[in-house]
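Close look at the chain arrangement
One letter stands for each residue in the lines below.
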Amino acid sequence: LDANWIENMNSVMDDNRLLTLASNERIRLLTHMRMIFEIRDLAFASPATVTRAGILFISELSQWKNFVQSWIEAFTENESGAIKADMRKKRADMLHSLFDKYCDATLDVLRREFKPVVPILDFNMIQTLCYFLEGLLVEENVGRDDSKFEIYFVLAAVWAFGSFFTITSGTDYRKKFSAWWKETWKTIKFPHRGEVFDFFVDKDKGEFAAWADIVPTIEYNSATPMAAVTVPTGETVAITFWLDNLMPKKHPAMLVGAAGCGKTAIINGKLRALGEDYLTASVNVNYYTNSSLFLKILEAPLEKKAGKNYGPPGSKKLVYFVDDLNMAALDKYNTASNIALMRQHCAYGHVYDMSKLTQKVLLNTQYLAAMNPTAGSFIVNPRLQRLFATFAVGFPGAEALTTIYQTFLNGHLSNFSKDIEEAEMGKRVVQAALQLHRKVASTFRKTAQNFHYEFNIRHMAGVFQGILMGAKDVFKEPLQLAQLWLHESERIYGDRLVSPQDLKKYKDLAGEVAKKVFKEMSPTTLMAEPLIVCHFAQGIGDKVYDKVGSIAELSATLTHALNEYNETNAVMNLVLFEDAIRHVCRISRIIESPGGHALLVGVGGSGKQSLSRLAAHASTFGVFQVVISATYGVNELKADLQTMYRKSGLKGEPMVFLFTDQQIADERFLVYINDLLSSGEIPSLFPDEDVEELVGLVRPAVKRLGKPDGKAECWEYFLAQVRENLHIVLSFSPVGEPIKVRTRRFPALVNCATIDWFQPWPEDALLSVSKRFLDKVDLGSDHTRNAVAKFMPFSFQAVNKLSQRYLEQERRYNWTTPKSFLELIHLYEAMLEKRRKEINAQIQRYQSGVEKLQATAESVSLLEQQLQTKQQEVEVKKEECEALVPRMAEQKELAAEESRIAAEVAASAEEKERAVVDLKASIEEDLQAAQPSLDKAAAALDSLNRKELSELKSLSKPPPGIEEVTAAVICLTAPEGKKPDTSWKAATVMMKDLSQFLTDLSAFKSRIDKQQVPRVNFKNVRHILDGKDFSPDIIRHKSSAAGGLCEWVINIVEYWDVNEGVEPMRQAAVQAEEDLEQAIKSKEEATVKAAEAERIVKALTDAYEGALQEKDAVIAEGEQCQRKLALADRLNASLGSEGERWREAIETLSATRAKLVGDVLLAAAFVSYAGCFNKRFRNALVHDTFLPYLQNPKHELVMSDAADPLRILTSEADISQWSNENLPSDRVSSENGAIVCNSARWPLMIDPQLQGITWIKKREEDNGVRVVRLDSKSALSVLEEAMKRGKPVVVENLGTSIDALLAPLIGRQTIRRGKAGTFIKLGDAEVDYDPRFRLYMQTKLTNPHYPPEIHAEATLVNFMVTQDGLEDQLLALAVSKERPDLEEQKQVLIQEQKSYKHKIKDLEDSILAQLASAEGDVLENIVLIENLEASKKVATSIAEKVAVSKQTEASINEAREAYRKVAARGALVFFLLAELTMLHSFFHYEEGVEGV
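Structural notes, computed from the coordinates.

So, how was this worked out
- Residues numbered from 1 in each chain as written.
- Predicted model: local features only at pLDDT ≥ 70, side-chain atom pairs only at ≥ 80, totals over all residues.
- Heavy atoms only, no water.
- Helix = DSSP H or I, 4+ residues; strand = E, 2+ residues; numbered from the N terminus.
- Buried < 20%, exposed > 50% of the residue type's maximum accessible area, 1.4 Å probe, protein only.
- Contact = heavy atoms within 4.5 Å.
- Areas by Shrake-Rupley, 256 points an atom, 1.4 Å probe, with all protein chains shown as cover.
- Axes fitted to C-alpha atoms, helices over the stretch in contact; angles between N-to-C directions.
- Left-handed = near helix turned anticlockwise from the far one by under 90°.
- Nonpolar A, V, L, I, M, F, W, Y, C, P; charged D, E, K, R; others polar.
- Parallel < 35°, antiparallel > 145°, perpendicular 65-115°, else oblique.
- Pairing = 2+ DSSP bridges.
- Expected span 1.5 Å × (residues − 1).
- Patch = residues over 30% accessible without salt bridge, like charges linked within 9 Å, V, L, I, M, F, W, Y side chains within 5 Å.
- Salt bridge = Lys/Arg side-chain N within 4 Å of Asp/Glu carboxyl O.
- Lys, Arg positive; Asp, Glu negative; His and termini not counted.
- Charge placed at Lys NZ, Arg CZ, Asp CG, Glu CD.
- Core = buried A, V, L, I, M, F, W, Y, C linked by side-chain atoms within 4.5 Å.
- Phe/Tyr/Trp six-rings, centres within 6.5 Å; stacked < 30°, edge-to-face > 60°.
- Lys NZ or Arg CZ within 6 Å of the ring centre and 35° of its normal.
- Polar contact = N/O pair within 3.5 Å; in protein donor to acceptor, adjacent residues only side chain to side chain.

The next subject is the overall build of the chain. Summing up its helical and strand segments, the chain has 58 helices and 30 strands in all. The proportion of buried residues among the 1492 residues of the chain is 48%. Within the chain, contacts between residues separated by at least 24 positions form 75% of all contacts whose residues are at least 6 apart in sequence. When the accessible surface of the chain is split by element, carbon and sulfur atoms take 51% of a total near 72200 Å².

Right under this line is the structure:
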């Protein structure tokens, strides 16, 4: 009865008869309508409901009789017609008598003396009895009379009344029932030996026979996976018999038993044996299974029939196997909705479509179920339970187990060597396995802490599954097989044990059994280490399951595999010590096993993920890991699972799905993980269309195997491929309740996965890791390096022990993980390097200051000598200058005269130059006038062509006028001294070679210019030119060529005439140019003389000026020497006293540098481990643990005598600065500040009094700090922006868990992308990461319990107020109330002292920085010396003020101490009250009693 909805029915059940819906719609219950509620109890009914209904209690005591009466009547009606009516009546009467005889008495005894495995109603027992009889009382068994009715009735009654008994609360009720039955009912007697459940009725003989007599034997082939084979035993044959009896009538059956007793295997064996007319569907119920999800699973294999009917395809029958029936979560009314839906379907055959609110009748369906009565809700609704025939399944007996595992092992060993066969190793290994299992199960009991200490048949199967991986070619001798059994047993039993003590106890048990069973084998040889069997013992890729020869060989193999992995993946910097190697082999063994899945349990930072990746790589498996983002949810997980299913199921890619508890953003993720682990089939993972696609893709492969290619067969093949290739590796932390709750809600996490419990790293492993990482660090001698390396594991284990004390005494948790250990090593390296650089820089600054002061002191006497020398040099330079004056005046007069003469000559030359230029211009002008004639002559020549000239030449007698033209040409071209022949014949000779003729004419102009043509030639041609017919136009009419020659002659003569006119002018120009050259030469000579004179004058002037400059320089140097002397005196006066102090500082720093290896080791360990502890435990850690070890003479670690982590990590100026920033000044607070400022990991402050966050806000105020809460919408955007801009962020008010989305940021998992920069993956986005970014986390929780993963990734710092700190604060409050003037004076004085300390440090830093950065001679830098003087004066003044303030402070403190007792009492009361929570609850009650 659900109180929520029944209250809404109150108005319906009263006189209003009205139902009001949430939409305000009203529905009236009509007068002829009535309501009947059939409910189990009134546990959740309110008085309002009870008073509105008439209540009728229906007792079950006699109701079963009515059912029996109805059943007998129905049985009689349905009997064969061959049975006569009187026999039918007789048989019915026989049944009535049998029910009366056996049932009442039996039910009465059962109610009083027996306890079933789950509550069973009387009605259920009788109903089951009737169902059994339906299958037994058939003609084939009892014939047509009633003679055999009672023996079959007794068989049915024994199982109907006793099948649900097993060992409960230490009592074997099954055996007790058997004894009671044999003793009570004597009519039908069972055989004396054995229990009543060990027999059935042999229908041929009509008497009891043992189930063991009909157990079939099977031949096992090791090529078949063990999970696919069910070996029949007496018990399985019996249960299968009754299932065969019930299933044809569609009566549901339920197997109830503890985890790992074989329930699922029995039912799966039965389902595999069903005929082709059956289909099966498995439903794995988990914590989140509800009616909606359950209905989807029920409907998935069904198809629509006529009307509202649904059923399996065709005429097939569907069997639903509901496993872990009681695992679903109950609501607050103890109801599981999936159970209610299942009951409705079982009882009425239909369900409802929740969207359409219509009935769906599910035809041809029936149920088989299994559940663990010690898990989940323990029981199910009796209204569902009573519909099932219930069978209790206990852990198989020794005989059954021997049968099962000898079947498997003998089948596997059938082809092994004769030595193994003759040694009967199959029988002996099974015997040893059974003995060891019994010892382990009785020794290691399940507890609340060791929730997984439950050893059952699954674990034995795991042992033999491992043995079956051994091949005959490898394991040839009995010793090898015995060692293989020992190895597989340790992998199954030993690897899940939680402590080294338990593991040692197990090894003792295994050794004891091995010695007992394998007596002929030497125990030393049999159990020789290393006992490791893996698939890469003979090398990566070979996959031969063989024993490893030695750890060294295995280490070399895995180191090679690691190097290969690092070449193609993100680098894993692993140290493969022996434990790590063993874990890699274990993980590889699991994922290489058929259907193998691993549950790795270990604190964060143990290397679970890294070793899993290496194991997968060594086994050539791919690795898939989900990426958690802000929006990653169930749908995204389903998408990732679909991807993995496609790769492993379609492509056959071996894959490892690596999943950690930090990635469980939604607990519903485990629903899918649970289904994947238990059966490989995740309901509704793929939409229907995707299922059809996948079926189509695998159908060809199914056909190739010769199997039916129906949808069901193809889908099963796809899932088989997934189960074969997809392996889950879960990485969980054992700390806290989550793992216990999850394994309780999702049993497959433990039942279907092989556990590998990561024990704490042993000391030798820690030592090897520290040596590996410290190998490249400069630590001086090898002895020192070895001492530092040994301290690392010592400190780690010491902190673990102290953390245990811290938990016991303070009820506070502090976790250290292997990652914490690695962080210490890295922090030590970084801190050592940083401190060395800082000290070297300080030494360099002091050294520079000392050197500058020393150089100044040494230069004083030298400066005095230089000053006297410079004064003498000044006198010499004066005399040299006076001697140069008269000589320089004489040379100046001479130079002036030479300059005047040169100027006159230059003027004359310039005048002549102008005349020559004018004359040349006139000549050029005249020549330009002749240019047209010349152009015409050239054009006339161009107009001539060879053809026309050839025609002209060929004339024997030219026309009149042509001969005159050629005569003119002959005259012009005739050589000098000869009278030319102007006949036509001579003309043809002249034109004989036309090319040469034309060339000569073209060159004629240049001959004229060169005066190579005789004047007489032009004279001879004049009379021809004067002829009236000597015209180009006239001649051209007779011959074009002659016309062209005529025109050339006329124009060339005109050019000659012009050229002759300018010839005198040319002559004159030539003469003028000669005169000009002479004038220029004279000018140049005069200029040279003048220049020489000027040079002499300049040289003398330069010498004079140089002498003057030298004199001035000497004077200036003298003055500079004088100034340097004065500055040196001032510098010595101001900083002389500092020199000695700086020298002492250099010596001190040098000594500190020599002790850095030890000091920094102490400081790094303090920062890494001390933050979470309170003051008392910090002191114990440092003074009682770290220092005694480090200062032990045998370790020879050089360190300070009074080493103090706080002094090493910080300075007084830093502490003073923190105090200014509102950090309390007590030591613990200062230590907290030092840890926060020096830790490489982000700090997580336990800060209930808000001291830490107040300090951080003030400290980072100028850097733009942002404060956010993780539950705010803007948190992610604020973090992203701060990361990009390098700003600090404070995440306040953290709870005890941190969103997995922030894991990469908290873990500082940076990604480098070359020039692109550095990123951090925040969700599904890669965010730019500025190295200046700082993250601070703060919680107000007083005693938070963070998981080890948070302790490993962050530095927890306990900022809780200390008693000393609180006392100081209360003292200030008390004084401010009583003496406000005194407290005000105190606060002013504190601020002044803080500012004085800072100022003194800043001034010293300024002085040293100025000296260090000064270039050249310090004594030349007046500004520097003045600044140094000013700084020194201020420093001296401040020192005087500090001395005065200390006296004032002493007097103020003396006055304030009067109130110290009040403050101390207040602090004491506060801490006494705070520590009351540490009292056990028993004492709380005790105090309450005393108060009464």
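Next, the rest of the story.
Another point: the packing of helix H8 (residues 149-162) against helix H9 (residues 173-184). Put simply, H8 and H9 touch, their axes get as near as 11 Å, and they point 145 degrees apart. Of the two possible hands of crossing, H8 and H9 adopt the one that is right-handed. Side by side, H8 and H9 meet where Val-154, Ala-157, Val-158, Trp-159, Phe-161 and Gly-162 of the first sit next to Arg-174, Phe-177 and Trp-181 of the second. Here the contact of H8 with H9 is built from residues that sort into seven nonpolar, one polar and one charged.

All right, on to the packing of helix H6 (residues 122-136) against H8 then. Where H6 meets H8, the closest approach of the two axes is 9 Å, and the angle between their N-to-C directions is 140 degrees. The angle between H6 and H8 places the two elements in the oblique class. The hand of the H6/H8 crossing is right-handed. Contacts between H6 and H8 involve Met-125, Ile-126, Thr-128, Leu-129, Phe-132, Leu-133 and Leu-136 from the former and Tyr-152, Phe-153, Leu-155, Ala-156, Ala-157, Trp-159, Ala-160 and Phe-161 from the latter. Considered class by class, the residues forming the contact of H6 with H8 number 14 nonpolar, one polar and no charged.

Bringing the sheet that holds strand E29 (residues 1334-1339) into the picture now. Taken in spatial order, the five strands of this open sheet run E24-E25-E29-E23-E30, and their pairing is parallel. Since the sheet does not close on itself, it has two edges, and those belong to strand E24 (1266-1268) and strand E30 (1354-1358), each with one partner. Averaged over all pairs of adjacent strands, the angle between strand axes in this sheet comes to 20 degrees, irrespective of strand direction. The pairing of strand E23 (residues 1242-1246) with E30 spans five bridges and is classified as parallel. Note that in E30 the partner of Ile-1246 across the bridge is Asn-1358. Sheet strands in contact with helix H49 (residues 1227-1238) are E23, E29 and E30, and its direction is about 170 degrees off that of E30.

For the rest of this paragraph, the subject is helix H17 (residues 425-443). The first and last C-alpha atoms of H17 sit 26 Å apart over 19 residues, in line with the 27 Å expected at 1.5 Å per residue. Of all the positions in H17, only Met-425, Gly-426, Arg-428, Val-429, Val-430, Ala-432, Ala-433, Leu-434, Gln-435, Leu-436, His-437 and Val-440 are classed as buried.

Before going further, it helps to spend a moment on a negative patch on the surface. Side chains of Asp-419, Glu-421, Glu-422 and Glu-477 sit close together on the surface and give a patch of like negative charge. Secondary-structure assignment places Glu-477 in the loop between helix H18 (457-467) and helix H19 (478-492). The partly exposed category is assigned to Glu-477, whose relative accessible area is 44%.

What follows deals with the sheet that holds strand E27 (residues 1318-1322). Judged by pairing direction, the sheet is antiparallel, and its three strands sit side by side in the order E26-E27-E28 without closing on themselves. Edge positions in the open sheet fall to strand E26 (1310-1312) and strand E28 (1325-1328), since each of these has one partner strand only. On average, adjacent strands in this sheet sit at an angle of 40 degrees to one another, irrespective of strand direction. Looking at chain direction, E27 and E28 are connected through four bridges and run antiparallel. Of the residues in E28, the one forming a bridge with Lys-1321 is Glu-1326.

Before going further, it helps to examine the nonpolar core. For soluble globular proteins, nonpolar side chains are generally found buried alongside one another. Counting 115 residues, the largest nonpolar core has Phe-99, Leu-129, Trp-159, Phe-161, Phe-177, Trp-181 and Leu-325 as its most contacted members. At twelve residues, the largest contribution of residues to this core is made by H8. Residues contacting Phe-99, with those up to four places away along its chain left out, are Trp-64, Val-68, Trp-71, Ile-72, Asp-104, Ile-126, Leu-129, Cys-130, Leu-133 and Phe-153. Grouped together as the second largest cluster of nonpolar side chains are 106 residues, Ile-591, Phe-791, Leu-802 and Phe-1173 included.

The next thing to look at is the packing of aromatic side chains. One pass over the structure, following the stated rule, counts 62 aromatic pairs. Both rings, one in Tyr-405 and one in Phe-408, keep their centres 6.4 Å apart while their planes meet at 40 degrees; by these two values the pair is tilted. Of this pair, Tyr-405 and Phe-408 both sit in helix H15 (residues 398-413), three residues apart, roughly one helical turn. On the basis of relative accessibility, which here comes to 2%, the residue Tyr-405 falls in the buried class. Seen in terms of ring centroids, Phe-1470 and Phe-1471 are 5.2 Å apart; in terms of plane orientation they differ by 80 degrees. Their pairing is edge-to-face. Sitting over the face of the ring of Tyr-310, Lys-360 holds its NZ or CZ atom 5.1 Å from the ring centroid.

It is worth spelling out helix H50 (residues 1251-1259) at this point. Buried within H50 are the following residues: Gln-1251, Gly-1252, Ile-1253, Trp-1255 and Ile-1256. Buried residues along H50 sit in contact with helix H48 (1212-1220), H49, E23, strand E25 (1288-1291), E29 and helix H54 (1363-1378).

Among the five residues of E30, five are classified as buried, and the element is accordingly described as predominantly covered. Neither face of E30 is exposed, since Ala-1354, Leu-1356 and Asn-1358 on one face and Thr-1355 and Val-1357 on the opposite face are all buried.

What follows is about the environment of Gln-996. If you trace the backbone, Gln-996 turns up in helix H39 (residues 994-1002). Among the polar contacts listed, one links the side chain of Gln-996 to the side chain of Asp-1000, at a separation of 2.8 Å.

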